[in-house]
Amino acid sequence: MIFYNGEDPAKGSAAGCAAAWMVAHGVAEPDERVLIEQGLEMQRPSQIFVRASCANNLRDNRIVNVRVGGNAIEVMRGEVFL
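Each chain has its residues counted from 1, running along the sequence as written. Local features are withheld for residues below a pLDDT of 70 in this predicted model, meaning they are given only at 70 or higher, and side-chain atom pairs are given and counted only at 80 or more; totals for whole chains, interfaces and linings count all residues. Heavy atoms from the whole structure form the basis of all side-chain values; hydrogens and water molecules are not counted.

(A) Summary view of the sheet that holds strand β4 (residues 46-54). Here, a strand pair is defined by DSSP locating no fewer than two bridges between the strands. Note on conventions: DSSP H or I runs of at least 4 residues are helices, E runs of at least 2 residues are strands, and numbering of each starts at the N terminus. Taken together, the three strands give an open sheet; going across it, the order is β3-β4-β5, and neighbouring strands pair in antiparallel fashion. Strands at the two margins of the open sheet, each flanked by one partner only, are β3 (34-38) and β5 (63-69). Pairs of neighbouring strands in the sheet enclose a mean axial angle of 25 degrees, with direction left out of account. Alignment of β3 against β4, held across five bridges, turns out to be antiparallel. Note that in β4 the partner of Gln38 across the bridge is Ser46. By definition in these notes, contact holds between two residues if any of their heavy atoms fall within 4.5 Å. All axes here are fitted lines through C-alpha atoms, helices being fitted over the stretch that makes contact, and every angle between N-to-C directions spans 0 to 180 degrees. Contacts between helix α1 (residues 12-24) and the sheet are confined to β3, β4 and β5, with β4 contributing the most and set at about 40 degrees to the helix.

Right, here's the structure in full:
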């Protein structure tokens, strides 16, 4: 996400995709908690914890239950009316 003051230092949506990829390719074990650190070079360090599971069906190699967590500081609030 790009915003008025530069780039977002913590990409939760990208971290979730990274967790799914890591489990699918054996970089992380299913349900292993992984720490992703971002934003160091831009002086806005962030830590995001991720994990993902595999489907229980042996014939099904889908990644399920992708979880992303951490702490955040609210920098903006808004409402959308449709």
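(B) Spotlight on α1. The end-to-end C-alpha separation of α1 is 19 Å, in line with the 18 Å expected for 13 residues at 1.5 Å each. For every residue, the accessible area (1.4 Å probe, protein chains only) is compared with the maximum for its type, and the residue is labelled buried under 20%, exposed over 50%, or partly exposed between those bounds. What α1 keeps buried is the set Ala15, Gly16, Ala19, Ala20, Met22 and Val23. Along the axis of α1, the buried positions cluster into a sector of 165 degrees, meaning they face one direction only. Along α1, the residues that are exposed and aim more than 90 degrees away from the buried face are Ser13 and Cys17. For α1, the secondary structure elements touched by its buried residues are β3, β4 and β5. At the exit of α1 stands Gly26, carrying a positive phi of roughly 75 degrees. How far a helix is expected to stretch is found by multiplying one less than its residue total by 1.5 Å. Within this analysis, the arc is defined by the directions that extend from the helix axis to the C-beta atoms.

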